[in-house]
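# Breakdown of the fold
Chain by chain, the residues run as shown.
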Amino acid sequence: FDISNFQGSDPVASMVMFENGKPKKSEYRRFKIQTKDTPDDFAMMREVIRRRYSRILREKKNMPDLIVVDGGKGQLSSALAVLNELDIRDQQIIGLAKRLEEVFIPGYADAQMLPKTSSSLKLLQQIRDEAHRFAVTFHRQRRKKRTIASELDQIEGIGEKRRQQLLKVFGSVKKIKEAGMDELHTKGQIPKNI
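Owing to the predicted nature of the structure, the values given are computational and were not obtained by experimental measurement.

### Remarks on the pattern of salt bridges
Overall, the coordinates contain 11 salt bridges when judged by the stated rule. Here Arg 133 makes a salt bridge to Glu 130, at a shortest N to O gap of 2.8 Å. In this pair, Arg 133 and Glu 130 both sit in helix 3 (residues 119-153), 3 residues apart, roughly one turn of the helix. On the basis of relative accessibility, which here comes to 13%, the residue Glu 130 falls in the buried class. Bridged by salt links that share partners, the residues Arg 55, Glu 59 and Lys 61 form one connected network.

What follows is the structure, encoded as structure tokens:
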């Protein structure tokens, strides 16, 4: 699991799944954070873990062999608290902190260090990096969508249907901006009085 936001805006999370050491992309999941819009990775991690494993329990699906959360003690504690609330016991879970590649394990006060050449560490890094890539990609998509919508919202006389039509015809806000008035009136079917 990984959380991605920019100073709290458009917060999202990702979950990736690996099976036999390889990504299983059909099981990847994206989450729009619903409860927080200020930077709070711990609360966001609690929300995502709660949503994912409440659903797993409801649908009576199998739990993973290992849950890996991106982050240190705080993210791990947040995830563990939710698993305990859901009465999920004896679930293998770790936190992987980026800075020194520290592995945090429940019940151990200090971070565990795997040898830098360890194939286990390399797999954990690959999982963490893939979760990060997936979360950042989703975050950028959401931010871009919001930015596009807000630019078109500022044009007086253009409603939701017209915005969608313009994007469909021209393909992007940039191309709409580059279009001349004649092209907007003919291709975009914008009335002359706008």
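### A look at the nonpolar core
Soluble, globular proteins show a tendency: their nonpolar side chains are buried together. With 22 residues, the main nonpolar core has Phe 1, Ile 49, Tyr 53 and Val 69 as its most contacted residues. Taken together, the elements giving at least two residues each to this core come down to strand 2 (9-15), helix 1 (41-58), strand 6 (67-70), helix 2 (73-85) and strand 7 (93-97). The dominant element in this core, judged by the number of residues it contributes, is helix 1, at 6 residues. Counting residues in hydrophobic clusters, the runner-up holds 9 residues, among them Leu 152, Ile 158, Ile 176 and Leu 184.

Conventions and cut-offs
- Residues numbered from 1 in each chain as written.
- Predicted model: local features only at pLDDT ≥ 70, side-chain atom pairs only at ≥ 80, totals over all residues.
- Heavy atoms only, no water.
- Salt bridge = Lys/Arg side-chain N within 4 Å of Asp/Glu carboxyl O.
- Helix = DSSP H or I, 4+ residues; strand = E, 2+ residues; numbered from the N terminus.
- Buried < 20%, exposed > 50% of the residue type's maximum accessible area, 1.4 Å probe, protein only.
- Core = buried A, V, L, I, M, F, W, Y, C linked by side-chain atoms within 4.5 Å.

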